[in-house]
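Here is what each chain is made of, one letter per residue.
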Amino acid sequence: MAWQVSEHYTHSDHQAIFLCIGNRGTSQRRSGGGKAKAVGWSIGAFDEETFLAALKGAHDPDGTAVERATQLPQCVTEACDATMPRRRLHHGKRPNYWWNTEIAALRSSCLRARRLSHRTRGRPEHQEREEEYRDLRSNLKKAIGRSKRECYQKLCMEANTNPWGTAYQVVMKKIRGRKSPRPICLLDTMGKMLEREIYNRLLPFIELPGGLSERQYGFRRARSTLDAVAKVVELARNAVAMGKCCALVTLDVKNAFNSANWGWIKGALAKLRVPSYLARLIESYFSDRLLWYETDDGPKEFIVTAGVPQGSVLGPLLWNIMYDGVLGLRVPEETTLIGFADDLAVVAIAKHPENVELYANEAIHTIKSWLRMAKLDLADEKTEAVLITNRRKNNTVTIQVGNREVVSKSVVKYLGVMIDAKLSFKGHLDYAREKAANASSSLARMMPNVGGPKYSCRLLIAGVVRSILLYAAPVWAEALNHAVNRRKICSAYRPIALRVCSAFRTASTEAVCVIAGMIPIDLLASEAHWLYEKRKANPAEVNADFRKVIRRELCGKWQQRWDNSDKGRWTHTLIPCIEKWVNRKHGELNYHLTQFLTGHGGYRKYLHRFELDESPNCPECGATLEDPEHVMFHCPRFLQQKRRLNSILGADIEPSNLVEEMLKSEENWMAVNEAVAVVQTKLLELDRARKAARRRRDMDELV
């Protein structure tokens, strides 16, 4: 028997003793800071030539087939070790990014003081112990706050080298929330290689004409959720155009991938006329499968008799093969089944809602019968329905799913898109706006006006919000023809554009998008819609050169909108050509430069507009307004900076040619940036001096 005294704090006056009975060695307390275990490899450092050379050097061509097969995993492992560094898996919970030894010591002292304070209640020394505990608790809170500020500033600066690092994970943690983990099957390297080989040989037979149904969009090449949603919307729009009603019912299979029937997979392979050697290989793949897992009582094993491994290479394809039987069921002619993995959409079309209800119920009854034979079941509680029609009367249909009656709603969520009864997509735009606004609010924490990531990293991070807003854009882009919908989606796009260029929120959306180099979101949605329709008509035509042509046309529309706008005119004077500005090869934006480009900053004209200064005029020039043009180009206070800038640029700068000179070289950009920073800093000092003088004057008047 081995034992040891633990030095860990136990929230009492006693120390814990850990015992180990048997031959397992000394028991150790689990700690979040435990040693990391090496698992897998960092694929980013993979070098193909080194890998092949190491593999050839380690492999012995002699020996029987069994010996060579046994030797192969070790050879591959050694070759991977010679090519790539190992990844590390940390056991337990990692400490917070702001945790340090000082906070740990203060927390330990605080807990000890609290315990002593509680035990001395009713005694003379209780007041002293209570005050000691309060002082320690106050010091702990201050230390945590100080460490959070300092560490978070470091994290934001580290985002320049790793935009998706700790800072991004910290700010996005709240909106992602905690989700219940879904178990996946972790295969070793040789298992994945075998699955990949089977997959590559099986796929050509599956994708032949007469193979998998064309209405299965999940886990297939050149197909996505967008195609599935677009097909559903197309059917609904055609029905409405003919004056008919359309019911969309979304179904979900309960515990689908873990319940896939192996016998049905084998039968489906036979129907698809897969070569017999592949069928035998897959049958062997299913045989003698064991699942090892860890429990509190030690490792255990489970005999697997159904399901396809989640997280495997071959699992999704085998699921599609088995589930293809659903899409081939005989349902009413007016009903269409559309699949995406285990998600199934039933689209029923008829002249009257009563008939729509009848067709949908008949199709669902047929689907449930097939699933029952395949030992699968629907998640009835997840079933939703919507009746799509142009009729003014609010009709509903009732769908029977097992013992549950599902009444159609005004809007349902299908593959991440909110589809409403009028196909207006107002519900989806509201949903996308709210989701993007939450993401923008969280990301703003890592992109302060002063400090934080540089402009190029901010622009990259802004792609998170852009992706949220543009999800399935080809389906709902036409909804942006209404000004109300455009305002909705632009309101969620504007905050992240402000963070990218470090601008004040008083700046106009038009100017902010131009300075940040972010194409307006409604134009991006229309571009996505146009490209998708073109790809459907002629996929070979949509290549990189074609995309460049479309992007130039889009920038032309943006330029026309910029020229005709009545907002951001000072910015337009500086940046008249959007294409040159956006396609520049150098130049990082910052807080001071953005103030100058927008005119929204420490200028008296701007401050007076919001009643933050007594006068809008320049204190040096009398009746002249103090705006960025006057300060940078005409004010005698800053003539020295202007002359120095003219000397560096080799030209007499004016508002109309300043940006053009900046774009000529990195040195010119940095010279203008430095001059603007000097001017902005001086204006800030003068503003603080005026405010201090005003406060003193107000105090004198009170006295």
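Cut-offs applied
Residues numbered from 1 in each chain as written. Predicted model: local features only at pLDDT ≥ 70, side-chain atom pairs only at ≥ 80, totals over all residues. Heavy atoms only, no water. Helix = DSSP H or I, 4+ residues; strand = E, 2+ residues; numbered from the N terminus. Buried < 20%, exposed > 50% of the residue type's maximum accessible area, 1.4 Å probe, protein only. Contact = heavy atoms within 4.5 Å. Pairing = 2+ DSSP bridges. Axes fitted to C-alpha atoms, helices over the stretch in contact; angles between N-to-C directions. Patch = residues over 30% accessible without salt bridge, like charges linked within 9 Å, V, L, I, M, F, W, Y side chains within 5 Å. Areas by Shrake-Rupley, 256 points an atom, 1.4 Å probe, with all protein chains shown as cover. Salt bridge = Lys/Arg side-chain N within 4 Å of Asp/Glu carboxyl O. Lys, Arg positive; Asp, Glu negative; His and termini not counted. Charge placed at Lys NZ, Arg CZ, Asp CG, Glu CD. Phe/Tyr/Trp six-rings, centres within 6.5 Å; stacked < 30°, edge-to-face > 60°. Lys NZ or Arg CZ within 6 Å of the ring centre and 35° of its normal. Polar contact = N/O pair within 3.5 Å; in protein donor to acceptor, adjacent residues only side chain to side chain. Core = buried A, V, L, I, M, F, W, Y, C linked by side-chain atoms within 4.5 Å. Domains from an automatic or database assignment. Parallel < 35°, antiparallel > 145°, perpendicular 65-115°, else oblique. Left-handed = near helix turned anticlockwise from the far one by under 90°. Nonpolar A, V, L, I, M, F, W, Y, C, P; charged D, E, K, R; others polar.

> Explain the overall build of the protein here, please?
Along its length, the protein carries 27 helices and 14 strands. With the C-alpha coordinates aligned to their principal axes, the bounding extent of the protein is approximately 90 × 80 × 70 Å. Residues counted as buried form 43% of the 703 residues belonging to the protein. Expressed as a percentage of contacts within the protein between residues at least 6 apart in sequence, the contacts between residues at least 24 apart total 67%.

> Which parts of the structure should I look at to understand the sheet that holds strand β5 (residues 245-252)?
Strand pairs in the sheet, formed through backbone hydrogen bonds, run parallel or antiparallel to each other. Overall, antiparallel pairing links the 4 strands, which are arranged β8-β9-β5-β10 in an open sheet. Edge positions in the sheet fall to β8 (335-340) and β10 (384-388), since each has one partner strand and no second. Sheet twist, expressed as the average angle between the axes of neighbouring strands with direction ignored, equals 15°. Where β8 and strand β9 (residues 343-350) come together, 6 bridges link them in antiparallel fashion. Residue pairing in the sheet places Leu 337 in a bridge with Val 346 of β9. Each of β8 and β9 is contacted by helix α10 (residues 315-327), which is oriented at about 165° to β8, the strand it contacts most. Across the sheet, helix α11 (residues 353-373) is in contact with β5, β8, β9 and β10; its angle to β9 comes to roughly 145°.

> Just to check I follow, could you spell out a negative patch on the surface for this structure?
On the surface, Glu 125, Glu 128, Glu 131 and Asp 135 cluster together into a patch of negative charge. Among the secondary structure elements, Asp 135 is positioned in helix α4 (residues 126-158).

> What's the story with a nonpolar patch on the surface in this structure? I'm lost.
A grouping of Trp 3, Val 5, Ile 17 and Leu 19 is seen on the molecular surface, where their side chains present a nonpolar patch of about 410 Å² in accessible area. For the nonpolar patch, the secondary structure elements donating two or more residues are β1 (2-5) and β2 (17-20). Assignment of secondary structure puts Val 5 in strand β1.

> Is there a simple way to think about the pairing of strand β12 (residues 404-407) in this case?
One face of the sheet, then the other: side chains in a regular strand alternate in exactly this way. Where strand β11 (residues 398-401) meets β12, 4 bridges bridge the pair, whose relative direction is antiparallel. What sits directly across from Thr 398, in β12, is Val 407. Between the antiparallel neighbours β11 and β12 lie 2 residues, among them Gly 402 with a positive phi of about 65°.

> What's the story with the packing of aromatic side chains in this structure? I'm lost.
Each pair of aromatic rings is reported with the distance of its centres and the angle of its planes. A full pass over the atoms with the stated rule returns 17 aromatic pairs. Relative to Phe 257, the ring of Phe 219 has its centre 6.1 Å away and its plane inclined at 75°; by these criteria the two rings are edge-to-face. Here Phe 219, found in the loop between α6 (189-206) and α7 (225-241), pairs with Phe 257, found in the loop between β5 and α8 (262-271); they are 38 residues apart in sequence, far enough to count as distant. For the pair Trp 264 and Trp 370, a centre-to-centre distance of 5.1 Å together with 75° between the ring planes defines the contact as edge-to-face. In this pair, Trp 264 sits in helix α8 while Trp 370 sits in helix α11, placing the two residues 106 residues apart along the sequence. Using a relative accessible area of 30% as the deciding quantity, one classes Trp 264 as partly exposed. Each residue in the set Phe 219, Phe 257, Trp 319 and Tyr 323 is aromatic and connected to the rest through ring pairs, giving one cluster. Here Arg 196 stacks its cationic end above the ring of Tyr 199, 5.2 Å away from the centre of that ring.

> Would you mind going over helix α22 (residues 591-598) with me for this structure?
In an α-helix, one turn spans 3.6 residues, which is why side chains three or four residues apart end up on the same side. Extensive coverage of α22 is indicated by the burial of 6 of its 8 residues. Along α22, the positions that sit buried rather than exposed are Leu 593, Thr 594, Gln 595, Phe 596, Leu 597 and Thr 598. Its side-chain oxygen at 3.2 Å from the backbone nitrogen of His 592, Asn 590 defines the N-terminal cap of α22. One or two positions beyond α22, positive phi appears at Gly 599, with a value near 80°.

> What exactly am I supposed to notice about the pattern of salt bridges here?
Where charged atoms from two side chains of opposite charge come close, those side chains can pair. One pass over the full model with this rule turns up 23 salt bridges. Notably, a salt bridge pairs Arg 201 with Glu 197, separated by 2.8 Å at the nearest N-O pair. Of this pair, Arg 201 and Glu 197 both sit in helix α6, separated by 4 residues, roughly a single helical turn. Residue classification places Glu 197 among the partly exposed residues on the basis of a relative accessible area of 37%. Put simply, Asp 613 and Arg 604 hold a salt bridge, and the shortest N to O gap is 3.0 Å. Residue Asp 613 is classed as buried on the basis of its relative accessible area of 6%. A cluster of three or more residues bridged by salt bridges with shared partners is formed by Arg 604, Asp 613, Asp 687, Arg 690 and Lys 691.

> Looking at this structure, I do not really get the nonpolar core. What am I missing?
Grouped burial of nonpolar side chains is what soluble globular proteins tend to show. One finds Leu 202, Leu 318, Ile 321, Leu 443, Met 446 and Phe 596 to be the most contacted residues of the largest nonpolar core, which totals 171 residues. Among the elements that make up this core, the one with the highest residue count is α7 (10 residues). Of all hydrophobic cores here, the second largest spans 9 residues; its members include Trp 98, Leu 106, Leu 136 and Ala 143.

> Looking at this structure, how should I read the domain arrangement of the protein?
Often, the extent of an interface is quoted as the loss of accessible area on bringing the components together. Structurally, the protein comprises domain 1 (49-87), domain 2 (101-161) and domain 3 (189-420). The straight-line distance from the C-alpha centre of domain 2 to that of domain 3 is 55 Å.

> Looking at this structure, I do not really get the pairing of β5. What am I missing?
Across the 8 residues of β5, 8 count as buried, placing the element largely inside the fold. As judged from the 8 bridges shared by β5 and β9, these two strands associate in the antiparallel manner. Its bridge partner lying in β9, Cys 246 is registered against Ile 349. In this sheet, β10 lies alongside β5 in antiparallel orientation, the contact comprising 5 bridges.

> Whenever I open this one, the packing of α6 against helix α9 (residues 276-286) confuses me. Can you help?
To characterise two packed helices, one gives the angle between the axes of the helices and the distance between these axes. Axis separation between α6 and α9 bottoms out at 11 Å; the angle between their running directions is 140°. In terms of orientation, α6 lies oblique with respect to α9. In the packing of α6 onto α9, the handedness of the crossing is left-handed. Residues Glu 195, Ile 198, Arg 201, Leu 202 and Phe 205 of α6 lie in contact with α9, whose contacting residues are Tyr 277, Leu 278, Leu 281, Ile 282 and Tyr 285. Split by residue class, the contact of α6 with α9 holds 8 nonpolar, no polar and 2 charged.

> I tried to follow unusual backbone geometry on my own but got confused; where do I start?
As a rule of thumb, non-glycine residues mostly have phi less than zero, and peptide bonds are mostly trans rather than cis. Phi angles above zero are rare outside glycine, and Lys 375 is one such case at about 60°. Here Lys 375 lies in the loop between α11 and β10. A positive phi is found at Glu 611, a non-glycine position, where the angle reads about 60°. Mapped onto the elements, Glu 611 comes out in the loop between α23 (604-609) and α24 (628-633). By relative accessible area, which is 72% here, Glu 611 ends up exposed.

> Honestly, the side chain of Ser 147 in this entry has me stumped. Any pointers?
With respect to the helices and strands, the residue Ser 147 is situated in helix α4. The buried category is assigned to Ser 147, whose relative accessible area is 5%. Excluding residues within four positions of it along the chain, Ser 147 makes contact with Trp 98, Asn 100, Ile 103 and Tyr 152.

> Explanation requested: the environment of Val 304 in the structure shown.
Note on placement: Val 304 falls in the loop between β7 (298-303) and α10. Expressed as a C-alpha distance, the spacing of Val 304 and Gly 267, which sit 37 residues apart in the sequence, is 19 Å. Filtering out sequence-adjacent residues up to four positions away, Val 304 remains in contact with Trp 262, Arg 289, Leu 290 and Leu 291.

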